Amino acid sequence: MANNRMMIKFFIASESIFFLMLILAYVNFHNSVTTGPTAKSSLDPYVTGVFSLFLLASSFTVWLAGKSLRNKNRSGLKFWLFATIVLGAVFIFGQAREWFGLFGRGITIGSNVFGSTFFTLTGFHGFHVCVGLIMLSILLGLTLAGDFKGPKSDAVECISLYWHFVDGVWIVVFSVIYLWAFL
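Residues numbered from 1 in each chain as written. Predicted model: local features only at pLDDT ≥ 70, side-chain atom pairs only at ≥ 80, totals over all residues. Heavy atoms only, no water.

Concerning the packing of aromatic side chains
How two aromatic rings sit relative to each other is given by the distance of their centres and the angle of their planes. Scanning all chains against the criterion turns up 20 aromatic pairs. Aromatic side chains Phe-18 and Phe-19 sit 5.5 Å apart centroid to centroid with 75° between the ring planes, which places their arrangement in the edge-to-face category. Residue Phe-19 is classed as buried on the basis of its relative accessible area, which comes to 3%. Arranged with centres 6.4 Å apart and planes meeting at 75°, the rings of Phe-118 and Tyr-178 form a pair that is edge-to-face. A residue pair is termed long-range when its members are at least 10 positions apart, and Phe-118 in helix α5 (residues 113-144) and Tyr-178 in helix α6 (residues 154-179) qualify at 60 residues. The pair formed by Phe-118 and Tyr-178 is uniform in burial state, with each residue classed as buried. (Phe/Tyr/Trp six-rings, centres within 6.5 Å; stacked < 30°, edge-to-face > 60°. Buried < 20%, exposed > 50% of the residue type's maximum accessible area, 1.4 Å probe, protein only. Helix = DSSP H or I, 4+ residues; strand = E, 2+ residues; numbered from the N terminus.)

Okay, here's the thing in structure tokens:
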């Protein structure tokens, strides 16, 4: 295994533990909310679910970008990287929209345990998505400059692995925060 791929896998493993701890904190405090906002009273899983579909679709488009690279299809690589960035940006827009809606209703990180755990968990996930978008944008820029002729690139593979990780984390976060609240 190339050093770059091994290092991204170690990084993803450490980030998995980090997110596991945040998720466990959310689960631990989920039932301790006595007053104030809760997930059920504050969140709209349908709207967030729609924006989540954009993020999940971006896993497919980044996979298509990698497939285009393997087939030495540079125009496909450019298109699918751009599509991945757009889909990820739409997801971030949806998260920002939700956060500002909560702020407008007076729900903040300091509101109660729900606010603290919700904003911490979704905030760190959003940060990871933004980092991924920056990395994907750099890849796109390098592709536009003539790099990545194929059939392999550690950079494309590592960033794709990271992007799939971010999407996988969101599936768990969405399930724990949005779906569990409405069961």
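A word on the packing of helix α1 (residues 3-30) against α5
Across the interface, α1 lies against α5 with an axial gap of 9 Å and an inter-helix angle of 160°. With respect to α5, the axis of α1 lies roughly antiparallel. In this structure, the crossing between α1 and α5 has a hand that is left-handed. Between α1 and α5, the residues in contact are Glu-15, Phe-18, Phe-19, Leu-22, Ile-23, Ala-25, Tyr-26 and Phe-29 and Val-113, Phe-114, Thr-117, Phe-118, Thr-120, Leu-121, Phe-124, His-125 and His-128, respectively. Partitioned by chemical class, the residues of the contact of α1 with α5 number 12 nonpolar, 4 polar and 1 charged. (Axes fitted to C-alpha atoms, helices over the stretch in contact; angles between N-to-C directions. Parallel < 35°, antiparallel > 145°, perpendicular 65-115°, else oblique. Left-handed = near helix turned anticlockwise from the far one by under 90°. Contact = heavy atoms within 4.5 Å. Nonpolar A, V, L, I, M, F, W, Y, C, P; charged D, E, K, R; others polar.)

Everything listed here is a matter of geometry and, on its own, says nothing about what the molecule does.
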